Amino acid sequence: MRLKNLSPQDLKPLLLGCRHSALISQIHAVMVSSGLFSSGNSNAQLISSYGRAGDLESAHKVFDKISLRRVDSWNAMLIAYSRNECPVEVVNAYKQMVFEGVKPDSSTFTVALKACTILQDLEKGEVIWEKVVECGYENDIFVGSSILNLYAKCGKMDKAAIVFEKMQKRDTVCWTTMITGIVQSGKGREAVDLYRRMQKEGMVSDGVVMLGLMQACANIADTKLGLSVHGYMIRRALPMDVNMLTSLVDMYAKNGELDLATRVFRKIPCRNTVSWSALISGFAQNGFAVNALQLLIEMQLSGLTPDVASLVSALLACSHIGSLKLGRSIHGYAVRKVIMDQVLSTAFIDMYAKCGLISCARALYEHIGSKDLICWNTIIACYGIHGHGREALTLFQQMKDKIEPDHATFAALLSALSHSGLVEEGRHWFDVMVNEYNIKPSEKHYACLVDLLARAGEVEEAKDIIICMEMKPGLAVWVALLSGCHKHKKFLIGELAANRVLELIPENTGTLVLVANFFAAAKVWDKAAAVRKVMKKAGMKKVPGYSAVEVNGRLHAFLMGDTSHPQYEQIIGLLCNLENEMKAMGYVPKTEFVWQNLEEEAKVKVLCYHSERLAIAFGLLNTAPGTRLLITKNLRVCGDCHEVTKFISVIVKREIIVRDVKRFHHFKDGICSCGDYW
DNA sequence: ATAGGGTTAG
């Protein structure tokens, strides 16, 4: 059929459904020749059609030719810009329209506010809102949900709530916008409360609100609620597309329900990179690094290319297990295949530092052009765990002239100063944080300060700080005080701290062990026995200490006293030889680090089988002379192993890096980077 | 007069 034979009534629907610029211009031509243009809103329709087809130039040509532009022409142009992701043009056109005296309507405001949301321009958005009120559209739910979303995306949930409560009518979108906004501001609990209110008011839920609710379940770590959301979606037969299923995977994974996450994941018919990343990140964040990395490989085998987010998750896994080889190969991959952005670069900095290569981390950091807050915080924290408190402080000084430090910056700084024993600096910068930056210290900051002071023996001052805290002191601060008291044999204050720790019912076995050891050292035998009894009764097992070492790209893990290894005989043989050499050099086993009640001779044996020593010996046996070793340990390194590693580094002439749960110990030529202060 | 404009996973 030829276009020219069509009547004007037939042309219009054709125009509406048309997505091809060339065809639109043909219809356009017919409309011109048949004189259809004098009538009404044809221009608006043409602009809209060109916009939908992505041809902004033609849309603009039509718009420019209109002599008297009414709202619908302006709206069509604004929508065309909006559809083609040109928020700046939307805002400019809006301004021009108002300037020319055309009165905007509901659509105008909706589109203009959305543009402000994309631009994160709260100020302009609020100017537009004034106009909304002036034109009497403040009760329009489309405009209303737009302003709610603007506030939400700009992190102003308090302002959003004010508008929301004033609304006379609310539809599902309004509720959803609020619920999602509240979740994303980190308040999962409040989001769930709002959802309950929504149900009470008889609103029907759809898939989108479920997405928000699932985020909330992940946020507040409520698996039970998550399960009921999942069940609800099944009962209501809400369409389960990839997004929905991926959200379920994410929710279960964040709650540590990796079995459930995997089961849902396996049911997704057409997985995309987001689905994979959700699962990979779940495994990585729950400490299953090897599984995370296996999944990354499986993802590639399935034909998908990892993107930034999936790589960041995998890198986190490498950091966890200290797998430099895998981290490096991901780096090589990223350089070739992915655009390096700030987030990914920061993940690499973290990975190199956590795999022992602080200098590589630094080099990468120097390469980043403009550094954001997270990047600064990361490098400061990296120097901290490596025991370079001075360097962390120098970086902090550079940072504060360029960008505003936040609570995490100070947490990293204080912890760095604490690990290096920079007591005076610690006191000073804590004060600066409170008084100059007006950052209210959190429990974490207090724990750093108490740790810093107590570790240095200033337990009186540390205790006074805890007593003056504005919030109720939690486990972290009391444990910090207790371990300082234990180290410096300050039994009086220590006993106070130990009793507070017990009152708070610690679930961590390591904490209870500390309490028991402290009471034993203070010769409060009955209490020491009582704590051990509690542990036994609760069936608390000591977290098995293990150490891992990477040899030829494979990770080898050793449990304490592990006799199952095929090279066990050789490992023990080597350790015996080393021990004899050490003794000749003046080493005396520090049996006070054995907390079991054993004969002296047996204690020496226990020390000998500490997992880090097995890992070191294995590394020595299976790598070329001179190769640097990186050992990762899941608990703290004991004082005796620390001493032994210093000796070994001299005897075998190797650099040995031991990363324990808190920080790095870099042994070289009989010296440790921590200066024996940890 | 009608359609359209607002919420959507790692």
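Residues numbered from 1 in each chain as written. Chains lettered and ligands numbered in written order. Predicted model: local features only at pLDDT ≥ 70, side-chain atom pairs only at ≥ 80, totals over all residues. Heavy atoms only, no water.

Examining the packing of helix 5 (residues 71-83) against helix 6 (residues 87-99)
In the contact formed by helix 5 and helix 6, the axes pass within 8 Å of each other and the chain directions differ by 165°. Classed by the angle they form, the pair helix 5 and helix 6 counts as roughly antiparallel. Between helix 5 and helix 6 lies a crossing whose hand is right-handed. Side by side, helix 5 and helix 6 meet where Val71, Trp74, Asn75, Leu78, Tyr81 and Ser82 of the first sit next to Glu89, Val90, Ala93, Tyr94, Gln96 and Met97 of the second. Looking at side-chain class alone, the contact of helix 5 with helix 6 contains eight nonpolar, three polar and one charged residues. (Axes fitted to C-alpha atoms, helices over the stretch in contact; angles between N-to-C directions. Helix = DSSP H or I, 4+ residues; strand = E, 2+ residues; numbered from the N terminus. Parallel < 35°, antiparallel > 145°, perpendicular 65-115°, else oblique. Left-handed = near helix turned anticlockwise from the far one by under 90°. Contact = heavy atoms within 4.5 Å. Nonpolar A, V, L, I, M, F, W, Y, C, P; charged D, E, K, R; others polar.)

Notes on the protein's contact with DNA strand B
The environment of DNA strand B is made up of 35 residues, and the closest members are Ser106, Ser107, Ser145, Asn243 and Asp307. The sugar and phosphate moieties of DNA strand B supply 38% of its atoms located within 4 Å of the protein. Measuring from a base nitrogen of DNA strand B, one finds a side-chain N or O atom of serine 277 at 2.7 Å. Of all the secondary-structure elements, those providing two or more residues to the surface near DNA strand B are helix 5, helix 7 (106-119), helix 9 (141-153), helix 11 (172-184), helix 13 (207-219), helix 15 (242-254), helix 17 (273-285) and helix 19 (308-321). The class makeup of the residues in the surface near DNA strand B is 11 nonpolar, 17 polar and seven charged. (Near = heavy atom within 4 Å. Polar contact = N/O pair within 3.5 Å; in protein donor to acceptor, adjacent residues only side chain to side chain.)

Concerning helix 26 (residues 423-435)
A rise of 1.5 Å per residue sets the reference length of helix 26, with its 13 residues, at 18 Å; its end C-alpha atoms lie 18 Å apart and thus fit the reference within 8%. Within helix 26, burial applies to Val423, Glu425, Gly426, Trp429, Phe430, Val432 and Met433. The secondary structure elements touched by the buried residues of helix 26 are helix 24 (389-400), helix 25 (407-419) and helix 27 (443-455). (Expected span 1.5 Å × (residues − 1). Buried < 20%, exposed > 50% of the residue type's maximum accessible area, 1.4 Å probe, protein only.)

Considerations on the nonpolar core
Soluble globular proteins tend to pack their nonpolar side chains together in the buried interior. The biggest cluster of nonpolar side chains holds 185 residues, and the ones touching the most others in it are Met210, Ile330, Phe348, Ile349 and Leu481. With sequence-adjacent residues up to four places away left out, isoleucine 349 is seen in contact with Ala361, Leu364, Tyr365, Ile368, Cys375, Thr378, Ile379 and Cys382. With 31 residues, the next largest nonpolar core counts Val551, Met582, Leu629 and Cys672 among its residues. (Core = buried A, V, L, I, M, F, W, Y, C linked by side-chain atoms within 4.5 Å.)

What to know about empty space enclosed by the protein
As enumerated under the stated definition, the model contains two cavities of 30 Å³ or more in all. Considered as a void within the structure, the largest cavity measures approximately 40 Å³ in volume. Leu575, Leu578, Glu579, Met582, Cys608, Arg613, Val644 and Ile648 together form the lining of the largest cavity. Secondary structure elements with two or more residues in the lining of the largest cavity: helix 33 (568-585) and helix 36 (639-651). The biggest single contributor to the lining of the largest cavity is helix 33, with four residues. Tallied by class, residues from the lining of the largest cavity come to six nonpolar, no polar and two charged. Roughly 30 Å³ of volume is contained in the second largest cavity. Those elements giving two or more residues to the lining of the second largest cavity turn out to be helix 5, helix 6 and helix 7. Class assignment of the residues belonging to the lining of the second largest cavity gives a composition of seven nonpolar, one polar and one charged. (1 Å grid on protein atoms, 1.4 Å probe; cavity = no way out; pocket = protein on both sides within 12 Å on 5 of 7 lines; lining within 4 Å. Points joined across faces, edges and corners; volume = space filled by probe spheres on them.)

Quick notes on the pattern of salt bridges
Counted under the stated rule, the structure contains 27 salt bridges. Across the salt bridge formed by arginine 197 and glutamate 165, the nearest N and O atoms sit 3.1 Å from each other. Here the residue arginine 197 occupies a position in helix 12 (residues 188-200), and glutamate 165 occupies one in helix 10 (residues 157-166), the gap between them amounting to 32 residues. A relative accessible area of 29% means that arginine 197 is categorised as partly exposed. Here arginine 390 and glutamate 425 are joined by a salt bridge, their closest N and O atoms 3.1 Å apart. Here arginine 390 is found in helix 24, whereas its partner glutamate 425 is found in helix 26, with 35 residues between them in sequence. (Salt bridge = Lys/Arg side-chain N within 4 Å of Asp/Glu carboxyl O.)

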